[in-house]
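# Summary of the model geometry
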Amino acid sequence: MPPSEILAPDRPAPRYCPERPLPPYRFVPGLHPHPTRHPSGHSHAPAGQPFQHAPWDPAEWRQLADWRAGVDRFNAFFFWEAHESWEGLWSSAPRDGAPGRLLQGLIQIAGALLKIHLGTLPGAASLSRTGVEKLAESAAVSPMLLGLDLRATASDFRHYFRPLAERTLPLLDASVPLLQLAEHRDA
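Residues numbered from 1 in each chain as written. Predicted model: local features only at pLDDT ≥ 70, side-chain atom pairs only at ≥ 80, totals over all residues. Heavy atoms only, no water.

## Describing helix H3 (residues 98-118)
Side chains that are three or four residues apart share a direction in an α-helix, a result of its 3.6 residues per turn. Using the following cut-off: Secondary structure counts use DSSP, requiring at least four H or I residues in a row for a helix and at least two E residues in a row for a strand, with both numbered from the N terminus. Helix span is expected to be 1.5 Å times the residue number reduced by one. Here's how the labels work: a residue is buried when its accessible area is under 20% of the maximum for its type, exposed when over 50%, partly exposed in between, all with a 1.4 Å probe on protein chains only.
Look at H3: 30 Å from first C-alpha to last across 21 residues, which is about the 30 Å you get at 1.5 Å a residue. The buried fraction of H3 is high, at 16 of 21 residues. Glycine 119, located one to two residues past H3, shows a positive phi value of around 80°.

Laid out in structure tokens, this is it:
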């Protein structure tokens, strides 16, 4: 069966980086041109040095446009694009620190959701498990990080991914948890 478009649910989600528009399409391998490598890709740029984000301070998350844009993209079901938004931040963060593990965990969760869309159970199960583990590890060190309540977020995703333990793909719908930053999280 050929790949299909990712359809986002019609649900309200706060925008944290409205100055960066959402891409014109949600990348699905085999359906769209690769966003960065193909000349027709929505984020294509001439070949050059890989992007490396400047050093950053997690306490200044409100000024991290790549972080906030990634959250917006994730919440709008642009999973590959969210991963790309966070990749530069992750690559410049210490791998053993809570911010780096948080970003790696969210990148893996975004990958798991793309695998769910593609119907790839083993990849979805593996990525979701390691992604949620990294969120939980980060939460043990810093429960609130980059404006995100990590304990609640890890719990939300653990619950969402539960069907994978029974070898069933969860629905890719409004049951996918939103990433809600500090000033927008429900009490």
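## Some points on the packing of helix H4 (residues 121-141) against helix H5 (residues 150-160)
The description of two packed helices rests on the angle between their axes and on the distance between the axes. Put simply, the rule reads: Whenever a helix is involved, its axis is fitted only over the stretch in contact; in every case the axis is a line through C-alpha atoms, and angles between N-to-C directions fall within 0 to 180 degrees. Working rule for angles: under 35 degrees goes down as roughly parallel, over 145 as roughly antiparallel, 65 to 115 as roughly perpendicular, anything else as oblique. For a crossing to be left-handed, the near helix must be turned anticlockwise from the far one by less than a right angle; the clockwise case is right-handed. We call two residues contacting when some pair of their heavy atoms lies within 4.5 Å. Note that Gly is not counted as nonpolar here; it falls among the polar residues with everything else outside the nonpolar set of Ala, Val, Leu, Ile, Met, Phe, Trp, Tyr, Cys and Pro and the charged set of Asp, Glu, Lys and Arg.
Orientation of H4 relative to H5, taken along the N-to-C sense of each, is 160°, at an axis distance of 8 Å. Taken together, the axis directions place H4 and H5 in an arrangement best described as roughly antiparallel. In this structure, H4 crosses over H5, and the sense of that crossing is left-handed. Residue-level inspection shows Val132, Leu135, Ala136, Ser138 and Ala139 of H4 in contact with H5, the latter providing Leu150, Arg151, Thr153, Ala154, Phe157 and Arg158. Broken down by class, the residue content of the contact of H4 with H5 amounts to seven nonpolar, two polar and two charged.

## Here's the deal with the pattern of salt bridges
Note the threshold: Salt bridges, as used here, are contacts in which a Lys or Arg side-chain nitrogen is within 4 Å of a carboxyl oxygen on Asp or Glu.
This model, assessed by the stated rule, comprises four salt bridges. For arginine 15, the salt bridge goes to aspartate 72, with nearest N and O atoms at 3.1 Å. Residue arginine 15 is found in the segment before helix H1 (65-75), and its partner aspartate 72 is found in helix H1; the two are separated by 57 residues along the sequence. You can call arginine 15 partly exposed: its relative accessible area is 37%.

## Some thoughts on the nonpolar core
The cut-off we apply is this: Buried Ala, Val, Leu, Ile, Met, Phe, Trp, Tyr and Cys residues that are joined via side-chain atoms within 4.5 Å together make up what is termed a nonpolar core.
One finds Trp67, Phe74, Trp86, Leu113, Leu146 and Phe161 to be the most contacted residues of the largest nonpolar core, which totals 48 residues. Contributing elements (two or more residues each) for this core: H1, helix H2 (79-91), H3, H4 and H5. Tallying contributions element by element places H3 first for this core, with 11 residues. Residues within four places of leucine 113 in sequence aside, it is in contact with Phe74, Phe79, Tyr160, Phe161, Leu172 and Val176.

None of the figures reported here should be taken as evidence of function without further support.
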